Amino acid sequence: MAQQGSKSVKFHCSVCRDLLKEPVTIPCGHNYCMSCIKGQWNNEDPKGAYSCPQCTKSFISRPELEKNSMLAELVEDLKISGHQAASADLCYAGPEDVSCDVCTEEKLKAVKSCLVCLVSYCEQHLQPHYDSSAFDKHKLVKPSNRLKGNICSTHNEVMKMFCITDQQCICYVCCLDKHKRHVTVPVEVERADKEKDLKMNLQEVQKKIQTRMEEGEVLEKEMEGIKLSADKTIEDSDAIIDELLSYIKEKGSNLKQQIKSQQETEESRVMELQNNLEQEITELRRKEEELKQLSGTEDHTEFLLSYSMMSKLSEYTDSPSFKMCQVKYFEDLQTAMLEARENLKAFLSEEWRKITLTVRSVDVLLPQIEPKTRDDFLKHSCQLTIDPDTVHKNLFLSNQNRTVSDSAPNPNIYPGYKKRDRFSNYQQVLSKESLIGPCYWEVEMKGKGLSVAVTYKNKNKLDQSDFGSNNKSWALECYGDCYKFRYNKITTPLSGPLSSKVGVYVDPRAGVLSFYSVSDTMALLHRVQTTFTKPLYAGLWIWKSFWADNTATFNEIK
C-alpha cells in the first residue's frame, strides 16, 4: 500500500492535488495539469517572469506547453489499476489533522505516532516500522499532537518514569537528580495501578448514567403527566366557565322575563286607568254641555225643574286623583344589579387569586428551586391586603387596606369591635389573603418596633396570643437597631444589614420560610425549614410606643 501510494503521489499535480489531467512538463522538469499551470501563469504579471510553483525557477518567456503523452498513459494506467483509490488514503493533512513529521514538501496525514521515536508518520514513511526488525520494540499509537508532551522539559529525555511522591511523569535523569529520594516506578506500572481506579470510576460513571437515564424516563413520564393533566384541567375549566356563563345567562334571561312580565302588569294597570280617565272625561264633557245649556235657560221655572232632575257631579267623580311626583320605576332594580355585580366581581377576584396561586403551586415531581435574586423572588410576588375583621381597636387602616398604623386620630373607629372576631390582646392584624403556593411579599416599616409574621389562622376564633409565642406562628421582630427571630417563645438574635423594608418568602409545600433585609440588595436574615400543616396568613404586630408612631405597609409590587 505504501509503495502504491508513493507512486500515485508522483503523478499528482501540486496545484490541484489530484491525478494529472492532460499532463505537461515545463522546462524545469516538473509536471502539471495543462489547465492548472495555464491558470497559474495567467494570474502572474504579464510583464514579469513565469515561474514553477514547486521549485520557483523563473522563465523569461512563457514556455510553450505540449501534452506529455507518456505521462498521460501512465496516469491512465494508474486509474485503470485502481491506484486512484489508494491515493485517496494518502490524503493531505488538514488544519485539524496530525501531519507526517517526515514529509518535506506537502504534508500527508499521519496514520500512526511512535512513542519511541516521538514522531508521527504517514503511511509511506511508516513502512520501515513494519519492514525492519530494528523497530520491533517501538510502540505505535493513534496519531497524536501531544508527543512533545512526553519529553522532559529539563533534560530533553522521554519521560518513562512516574514519581509517586510528586505525582508527575519524569525521565530517568530526573530520577537521579531532583527526584533522587522520591518513590518512582515505570509509567506502565503506575498506569496499571491507575487503571484500577479508572475502572472503578468508569463503573461509577456508568452507574450514574444508568441512574440518570432512569430518571430521564421518569421525567419523560412526568412531562407527559403534566401535559395530560394540564390539557384535562383546561378542558374542565372551559366547561366550568361555560357552565358559569350559562348559569349567569339563564338567570339573566329569567330576570329579563320577570322584568318584562312586571312591565306588562304595570302597563296593563296604567292602560286600565287611562281608559277609565277617558270615559270619565267624556262623561264630564257631556255634563259640561248640559250645564252650559241649562245656564242659558231664561225661564226660571224651567231652570229649576231641569236642574233638580240632573244627577249630582260627585256621582261621576269617583276616580282616584294623581299627584305629580318623581318615581324610580326600575331604577332600584338597576342599583341592586350594580351592587350584585360589584360583590360578584370582588368575590370572583379573590377566588381567582386563589386559583391563580394554586396553579403556581402545582404538585409535580421536580423540586421547587428556591429563588436567589430579587428578580427571582418577584416572580412569586403576591399582593396582600389587611383583613379589617382582624384589626385591633387601637389600629387603623389606610392605603386601600395595605397600611396599618397606631397613630389613628380617632381610636375605636371600628364600632362593635368587641363582638367581632378581631385581635384584642395585642395590636395585631392578619392578611385577608391566604398564602398559597410559593409567595413573596415586602413590608415597609416606619417606627421603632414591630413584628412581621407568618401564622396559622384558627377557623372559628383568632388565637389572641402574640406572634412567635407558640408553635403556630413565626415572627421576625424588627427593632430600631437589630433583628430577632421568635418561635414558640424562643428568641434568637440575628445579624444583618438594617433596612426599613423586609422581604418574606414562603413555600408551604416545600416547608421553607425566609426573611430578608431589602435595600439595593437582598440579605438573608433567617431561614426556617419545617412542615406546614395548615393554611398560612401574613401577620403584622404593631408594638405600643409612647414616643413614636409605628406604621407597616404591605408594598404593592409591580
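To be clear, the structure that these remarks concern was listed above.
This text gives an overview of the structure that appears in the document. What you are looking at is a predicted structure, and each value in this text was computed from that prediction instead of being measured.

Cut-offs and rules
Residues numbered from 1 in each chain as written. Predicted model: local features only at pLDDT ≥ 70, side-chain atom pairs only at ≥ 80, totals over all residues. Heavy atoms only, no water. Helix = DSSP H or I, 4+ residues; strand = E, 2+ residues; numbered from the N terminus. Buried < 20%, exposed > 50% of the residue type's maximum accessible area, 1.4 Å probe, protein only. Areas by Shrake-Rupley, 256 points an atom, 1.4 Å probe, with all protein chains shown as cover. 1 Å grid on protein atoms, 1.4 Å probe; cavity = no way out; pocket = protein on both sides within 12 Å on 5 of 7 lines; lining within 4 Å. Points joined across faces, edges and corners; volume = space filled by probe spheres on them. Nonpolar A, V, L, I, M, F, W, Y, C, P; charged D, E, K, R; others polar. Phe/Tyr/Trp six-rings, centres within 6.5 Å; stacked < 30°, edge-to-face > 60°. Core = buried A, V, L, I, M, F, W, Y, C linked by side-chain atoms within 4.5 Å. Contact = heavy atoms within 4.5 Å. Pairing = 2+ DSSP bridges.

Below, the discussion takes up the overall build of the protein. Helices and strands together make up the secondary structure of the protein, namely ten helices and 23 strands. Burial analysis of the protein (558 residues in total) assigns 30% to the buried set. Total accessible area on the protein stands at roughly 37400 Å², and carbon and sulfur atoms take up 53% of it.

Our next topic: the environment of Cys-16. Relative to the helices and strands, Cys-16 resides in the loop between helix 1 (2-10) and strand 1 (23-25). For Cys-16 and Ser-35, which are 19 residues apart along the polypeptide, the C-alpha to C-alpha distance reads 9.9 Å.

As enumerated under the stated definition, the model contains one cavity of 30 Å³ or more in all. What the largest cavity holds in volume is close to 120 Å³. Considering the residues around the largest cavity, the lining is formed by 14 residues, among which Phe-423, Thr-455, Tyr-456, Asp-463 and Phe-467 are closest to the centre. Within the lining of the largest cavity, the residues separate by chemical class into five nonpolar, five polar and four charged.

Glancing now at the packing of aromatic side chains. Throughout the structure, instances matching the rule amount to 13 aromatic pairs. Look at Trp-541 and Trp-543: their rings are 6.0 Å apart centre to centre, the planes differ by 70°, and that puts the pair in the edge-to-face class. Under the relative-accessibility criterion, Trp-541 is labelled buried at 13%. For Trp-543, a relative accessible area of 17% puts it in the buried group.

The volume enclosed by the largest pocket comes to roughly 810 Å³. Lining of the largest pocket is provided by 22 residues; of these, Leu-115, Asn-150, Met-159, Val-187 and Arg-191 occupy positions nearest its centre. For the lining of the largest pocket, the element with the highest residue contribution is helix 7 (residues 187-295), accounting for five residues. For the lining of the largest pocket, the residue count by class is twelve nonpolar, three polar and seven charged.

This part is about the nonpolar core. Core analysis: the largest hydrophobic core is formed by 37 residues, its most contacted members being Val-404, Trp-441 and Leu-513. Filtering out sequence-adjacent residues up to four positions away, Trp-441 remains in contact with Cys-382, Leu-384, Leu-435, Val-454, Val-502, Gly-503, Val-504, Val-506, Ala-538, Phe-554 and Ile-557. Leu-19, Cys-36, Cys-52 and Phe-59 belong to the second largest nonpolar core, which has 19 residues in total.

A word on the pairing of strand 16 (residues 473-479). Among the seven residues in strand 16, six count as buried, and that is most of the element. Relative to strand 16, strand 15 (residues 449-456) is paired through seven bridges, and the arrangement is antiparallel. If you follow Leu-450 over to strand 16, its bridge partner there is Cys-478. With five bridges connecting them, strand 16 and strand 17 (residues 483-487) associate as antiparallel partners. Counted as the bridge partner of Ala-475 is Arg-486 from strand 17.

Looking now at the environment of Cys-28. If you trace the backbone, Cys-28 turns up in the loop between strand 1 and strand 2 (31-33). With relative accessibility at 22%, the residue Cys-28 sits in the partly exposed group. Considering only alpha carbons, one finds Cys-28 and Cys-55, 27 residues apart in sequence, at a separation of 8.1 Å. In contact with Cys-28, not counting residues within four places along its chain, are Cys-52, Cys-55, Lys-57 and Phe-59.

Judged by how many residues are buried, strand 19 (residues 501-507) sits mostly within the fold: six of seven residues are covered. Two elements, strand 14 (residues 439-446) and strand 19, share six bridges in a ladder whose sense is antiparallel. Bridge pairing in strand 19 places Val-443 opposite Val-502. Bridge count between strand 19 and strand 20 (residues 512-518): six bridges; the pairing is antiparallel.

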